[in-house]
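# Coordinate inspection notes
For reference, the chains in residue letters:
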Amino acid sequence: MADHSARGHATWSASASHRNFACPGALALTMDLPEEESEPAAWGTAAHTVAEKVLHGDRPSDKHVGSVIKTKSHEIEVTEEMIDVVDNYVGYVVELIDSEPDAVLHVEQNFRLDSLKPPFDAGGTADAVVYFPSQKRLEVVDLKTGRGVVVAATGNPQLRTYALGAMLANKGLDVEKITVTIVQPRASHPDGRTRSETFHIADLVEWTADLLAAMKLSKEAAQDFDMGGMSQAQWSAAYLRPGDHCADTFCKARATCPALRQKVEDQVGIWFEDNQPRLANVPDSESPDERALRLDSLDLIEDWVKAVRAREHALAEGGNPATNYVLVPKQGREKWKDDADAKVLAAAKTAGLSPNQYLNPGKLRTPKQIRKELGPKADLVAGLSTTPDAGTNLVRADKTNREAVPSKVDRFFEAPID
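To start, this report covers the structure provided alongside it.

About the cut-offs
Residues numbered from 1 in each chain as written. Predicted model: local features only at pLDDT ≥ 70, side-chain atom pairs only at ≥ 80, totals over all residues. Heavy atoms only, no water. Helix = DSSP H or I, 4+ residues; strand = E, 2+ residues; numbered from the N terminus. Axes fitted to C-alpha atoms, helices over the stretch in contact; angles between N-to-C directions. Parallel < 35°, antiparallel > 145°, perpendicular 65-115°, else oblique. Left-handed = near helix turned anticlockwise from the far one by under 90°. Contact = heavy atoms within 4.5 Å. Nonpolar A, V, L, I, M, F, W, Y, C, P; charged D, E, K, R; others polar. Core = buried A, V, L, I, M, F, W, Y, C linked by side-chain atoms within 4.5 Å. Buried < 20%, exposed > 50% of the residue type's maximum accessible area, 1.4 Å probe, protein only. Phe/Tyr/Trp six-rings, centres within 6.5 Å; stacked < 30°, edge-to-face > 60°. Lys NZ or Arg CZ within 6 Å of the ring centre and 35° of its normal. Salt bridge = Lys/Arg side-chain N within 4 Å of Asp/Glu carboxyl O. Patch = residues over 30% accessible without salt bridge, like charges linked within 9 Å, V, L, I, M, F, W, Y side chains within 5 Å. Areas by Shrake-Rupley, 256 points an atom, 1.4 Å probe, with all protein chains shown as cover. Lys, Arg positive; Asp, Glu negative; His and termini not counted. Charge placed at Lys NZ, Arg CZ, Asp CG, Glu CD.

### Looking at unusual backbone geometry
Only a minority of non-glycine residues have a phi that is not negative, and only a minority of peptide bonds are not trans. With omega at 0°, the peptide bond leading from R59 into P60 counts as cis. A positive phi angle, near 50°, is found at K136, a position not held by glycine. With respect to the secondary-structure elements, K136 resides in the loop between strand 5 (122-132) and strand 6 (137-143). One non-glycine residue, N324, lies in the positive phi region at around 70°.

### Here's the deal with the packing of helix 3 (residues 39-55) against helix 4 (residues 80-98)
Where helix 3 meets helix 4, the axes come as close as 9 Å, and the angle between the chain directions of the two elements is 45°. Between helix 3 and helix 4, the angle falls in the class oblique. Taken as a pair, helix 3 and helix 4 cross one another with a handedness that is right-handed. Across the interface between the two elements, W43, A46, A47, V50, A51, V54 and L55 from helix 3 touch E81, M82, I83, V85, V86, Y89, V90, V93 and V94 from helix 4. Across the contact of helix 3 with helix 4, the residue classes tally to 15 nonpolar, no polar and one charged.

### A word on the nonpolar core
Judged by nonpolar contacts, the single largest core of 31 residues is most densely connected at W12, L138, I178 and L204. Of all elements in the fold, only strand 5, strand 6, helix 5 (157-169), strand 7 (177-183) and helix 6 (201-227) reach the threshold of two or more residues within this core. When near neighbours in sequence (up to four residues on either side) are disregarded, L204 contacts R160, A163, L164, M167, I178 and F199. With 27 residues, the next largest nonpolar core counts I69, V107, A128 and V141 among its residues.

### With respect to the packing of aromatic side chains
The geometry of two aromatic rings is summed up by the distance between their centres and the angle between their planes. Considering all chains together, one arrives at six aromatic pairs under this definition. An angle of 15° between the planes, with centres 5.7 Å apart, marks the rings of F21 and W207 as stacked. Placement of F21 in helix 1 (residues 17-22) and of W207 in helix 6 is noted, with a sequence separation of 186 residues between them. Joined through ring pairs, the aromatic side chains of W12, F21, F120 and W207 make up one cluster. Its end group placed over the ring of F199, R160 keeps NZ or CZ at 4.4 Å from the ring centre.

### Quick notes on the environment of V305
For V305, the location among the structural elements is in helix 11 (residues 298-317). For the pair V305 and V264, spaced 41 residues apart in the sequence, the C-alpha separation amounts to 9.2 Å.

### So, the packing of helix 9 (residues 258-268) against helix 11
Two elements in contact, helix 9 and helix 11, have axes whose closest approach is 10 Å; the angle formed by their N-to-C orientations is 130°. With respect to helix 11, the element helix 9 is oriented oblique. Along this stretch, helix 9 crosses helix 11, giving a crossing that reads as left-handed. From helix 9, L260, R261, K263, V264, Q267 and V268 reach across to helix 11, where they touch L300, I301 and W304. A per-class count over the contact of helix 9 with helix 11 returns six nonpolar, one polar and two charged.

### Here's the deal with the pattern of salt bridges
On inspection of all chains with the given rule, the structure shows 14 salt bridges. Here E81 makes a salt bridge to R186, at a shortest N to O gap of 3.1 Å. In this pair, E81 sits in helix 4 while R186 sits in the loop between strand 7 and strand 8 (194-200), placing the two residues 105 residues apart along the sequence. Residue E81 is classed as partly exposed on the basis of its relative accessible area, which comes to 33%. Where D121 meets R112, a salt bridge forms, and the shortest distance between an N and an O atom there is 2.0 Å. The class of D121 is partly exposed, set by a relative accessible area of 37%.

### Here we look at a negative patch on the surface
Where like charges cluster on the molecular surface, the negative patch consists of D244, D248, D296, D299 and E302. The exposure class assigned to D248 is partly exposed, which follows from its relative accessible area of 37%.

### Focus: the environment of S236
Its location among the elements puts S236 in helix 7 (residues 232-239). Residue classification places S236 among the buried positions, given a relative accessible area of 9%. Measuring from C-alpha to C-alpha, the distance between S236 and C257 comes to 8.7 Å, with 21 residues separating the pair along the chain.

See the structure below:
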């Protein structure tokens, strides 16, 4: 069974098809950027790992609850919520293969597009591929584990790339129709949490010409980017198309994309003068349509802001903070030490507190709450709580009273104390 976390990605991966179709220059901007695995992405990887095991017969699915799956950057514990997601997906796939005696299932099928002679290394892995000989139909099922980005099945370039890849990986199949299905249990959609599109094989052949044309344009953008024959403004205008896909496809260049930055500044009517933000005049009599357009742009703007903050924090942790910015300790939430419960209970009883003063239903109240109840006798619980390290925040040096802390790089290379 393949290790999901260890999989590399083709230069043009199926999962990036939507982004690359929408923005020809995205591939050039992201090609050399490091892969960063967020915790939600790691959660999705873990869910796919469990789903593959279950489809291969490692059942019942709930036997995996409590196990830990290591991904590229995280260790994810399998929870009941994850199993609910897996069961939705596995249930759909099992229903498919049970619906026809001669149905053939391929789980986590890898494919390449080399036979099409694409300008990039291109390919991907389809979660589940089911062939129905008597129907002359192929179905590709894709598990989506996210909550925030709701993905449509109709006209989806990623799913069509999977369909194309499945046809190339299973040559010789008699196929007239193809169905692509998304199972996304944690996000609602007007078409349902499980939604599909069916099209004729001829439609896929016609779409393949669009795919190769999109690849060709991205290749042109990459060549112009590398050769440097165009100014940044010219190149951006020619090849970058910022929009909702920047966030929806988790583009790695969101924080540095010049076209996205310009679009955000244009959307909010802002420009910079003497390093100070200036807001364009906005009349109070805006029409509801104008206000709606502004509201529609908020997701784009907020995602860009988050991406910029995340990138700057990572640069600071790497020892390269922006001018006048420092890392300061993030305030973690104080909690009782693991072995302190009995001592805290004894202290509260010694002080004569009633149970409702030191207990929440079923557990101790927080250190701060109990110290408040103990008042002058708070020394009875001294040393029984701890405030864990919660990481760092990046703030302007002249806008904080907290003491700056070294970056991860500086801490790692800090000389040992004799």
